[in-house]
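Commentary on secondary and tertiary structure
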Amino acid sequence: MHEETAASNRPAPDTTLPSRADASPAQEAFDLDGDRLREECGVFGIFGHPAAAAITALGLHALQHRGQEAAGIVAFDGARFHSERRLGLVGDHFSSAATIERLPGSAAVGHVRYSTTGATILRNVQPLFAELHAGGLAVAHNGNLTNGLTLRRELIRDGAICQSTSDTEVVLLLTARSRRTRIIERFIDALGQIEGAYALVALTNKKLIGARDPLGIRPLVLGELDGCPILCSETCALDIIGAKFVRDIENGEVIVIDSSGVRSLKPFPAQPMRPCIFEYIYFARPDSVVHGRSVYDARKAMGAQLAKEAPADVDVVVPVPDSGVPAALGYAAGCGVPFELGIIRNHYVGRTFIQPTQAIRELGVRLKHNANRAVVAGKRIALIDDSIVRGTTSVKIVQMMREAGAREVHMRISSPPITHPDFYGIDTPERDKLLAARMDLEGMRRFMGADSLAFLSIDGTYRAMGYSGRDPRRPQFTDHCFTGDYPTRLTDQEAEPEKRQMSLLAEAS
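Within each chain, residue numbers correspond to sequence positions counted from 1 in written order. Only residues with pLDDT of 70 or above have their local features reported here, since the model is predicted, and side-chain atom pairs are shown and tallied only from 80 upward, although totals for entire chains, interfaces and linings are computed over all residues. Computation of side-chain values: all heavy atoms of the structure, hydrogens and water removed.

**Some thoughts on the pairing of strand β6 (residues 128-132)**
Rules: Type-normalised accessible area, obtained with a 1.4 Å probe on protein chains alone, sets the label of each residue: buried when under 20%, exposed when over 50%, and partly exposed for intermediate values. Helix and strand definitions follow DSSP, with helices as H or I runs of at least four residues and strands as E runs of at least two, each counted in order from the N terminus. Should DSSP find at least two bridges between two strands, the strands are regarded as paired.
Judged by which residues are buried, β6 turns out to be one-sided: Leu128, Ala130 and Leu132 face inward and are buried, whereas Phe129 and Glu131, on the alternate face, are not. Inspection of the sheet shows β6 paired to strand β7 (residues 135-145) by 5 bridges, in the antiparallel sense. Residue pairing across strands places Ala130 opposite Leu137, the latter belonging to β7. Counted along the chain from β6 to the antiparallel partner β7, the turn is 2 residues long.

See below:
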């Protein structure tokens, strides 16, 4: 059983945690999503369909949870490439007929973005495009290259001109520099030089190309609509357009789609697969299926395992919406305690909502979450969330439960403590800003003001996924945020800090 601590009284939260380096305390109090793991990116591509751009826009809409800062589509009409890239949500820019008409052609690739490398500015919005000797190449990328900065410095030293601060541009530049003859050979040559995590979808004059990193850290699936092949990040993007799921792209696989059909290439030495465990815990939509596993069922199983490891003597189980709901259902079933929606989420509050005064700003998390007093008052509650990053949101939610009349608040987290930052496409704070890296379990409980606190163990996470536990010699998942076991070299992190600067140009976003 995972360690648990408890207090007999109701402690005042000890909120002595540093603010974000780029935000004032007032801004941090108002940043409704600043204490969550930020999504990665989503990619989508289709080949041979007369409504390619419209279908891509719908697919990106289903993948919007993977990035809300920018979206883009590049289409090819047989003669020219057409690009639309915009800051903001897919529905804000790609829902009009006029926009889709500016993207003619039967092949298209698209991207939704949250910036993990490079600022949120238009020149970084993907798909990125380059004109090569062999023709045009548009690339959309989910993940992060751990040697992207190192390669970028080498390319610039050799005369390359970088137009973005995105590590995705390195793939374009390496492809352009390759001395191989055919475009697919040049693309594979580029892939052979990069490290880290990637799911890439690329469009050339004649081909749609997909590629997945050798460990399969980032997801990519193959689908089909009306006989036309599709590549995308999650199965939910296939569901929204009525497409058929064909299979997952394998780790280290390069898939080539053209008028002659679909070809699979395995250009790199085989390695054991290690997909990112956070796809199941947090990132993928619950209605997606990742590597044959229902994300919804996996989250419920994590909640049920948590109930075995850290039961609580409570009257009601309450999820922190929306991501904590499946785990809370599993926890409630495992404990035999009623599940109730003790927190109601306002889905119409965005990150850019402007608060006019400090008094309003201090309302903080209530703009997004509000206690359901009828469920909470007078009850001992188990509060279920999927993860804790800085912990500041947890403080506010526990306090909200107290103010709504909860007798006791027992915090349960359906993943292990996050003790290490990510370098593969998840935007995590530096280690000294991660709550679990700074405090022990009792310190975190006091910080949040909970009566007790418990996390799912690392072995329990693996049991929920159908394994007997974590194999430390050959881990089944990429789980470095919990274990510090990074599966690839971190070349850029080993470089001198002054060599990590992406650009000399400061640009208004």
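**A word on the sheet that holds strand β9 (residues 208-212)**
What counts here: Axis angles are defined between N-to-C directions and span 0 to 180 degrees, where every axis is a line fitted to C-alpha atoms and, for a helix, only to the segment in contact.
Strand order in the open sheet made by the 6 strands is β6-β7-β8-β9-β13-β14, with antiparallel pairing throughout. Every other strand in the sheet has two partners, leaving β6 and β14 (261-265) as the edge strands with one partner each. Ignoring strand direction, the axes of neighbouring strands in this sheet form an average angle of 20 degrees.

**Structural notes on the side chain of Ser457**
The criterion, for reference: The term polar contact refers here to a pair of N or O atoms within 3.5 Å; inside protein, the definition further demands a hydrogen-donor-capable atom paired with an acceptor-capable atom, and it admits residues adjacent in sequence only when both atoms are side-chain atoms.
Here Ser457 is to be found in the loop between β22 (452-455) and α17 (458-464). A polar atom in the side chain of Ser457 sits 2.8 Å from the side chain of Glu309.

**Comments concerning helix α14 (residues 392-403)**
Where we set the bar: Expected helix span is computed as 1.5 Å times (number of residues minus one).
Here α14 contains 12 residues, and its C-alpha end-to-end distance of 17 Å stays within 8% of the 16 Å for a straight helix at 1.5 Å per residue. Of all 12 residues in α14, 9 are buried; the element is thus mostly enclosed.

**Describing the pattern of salt bridges**
Inclusion rule: In the sections that follow, a salt bridge refers to a side-chain nitrogen of Lys or Arg positioned within 4 Å of a carboxyl oxygen of Asp or Glu.
Considering all chains together, one arrives at 24 salt bridges under this definition. The salt bridge involving Arg218 is made with Glu279; its shortest N-O contact spans 3.7 Å. Of this pair, Arg218 sits in the loop between β9 and β10 (221-225) while Glu279 sits in helix α9 (residues 278-283); the two residues are 61 residues apart in sequence, bridging distant segments of the chain. Per residue, the accessibility class of Arg218 equals that of Glu279, and both read buried. Across the salt bridge formed by Arg247 and Glu253, the nearest N and O atoms sit 2.7 Å from each other. Of the residues examined, Arg247 reaches a relative accessible area of 26% and is grouped as partly exposed. Judged by its relative accessible area of 1%, Glu253 falls in the buried class. Among the charged side chains, a network of salt bridges with common partners joins Arg66, Arg218, Glu234 and Glu279.

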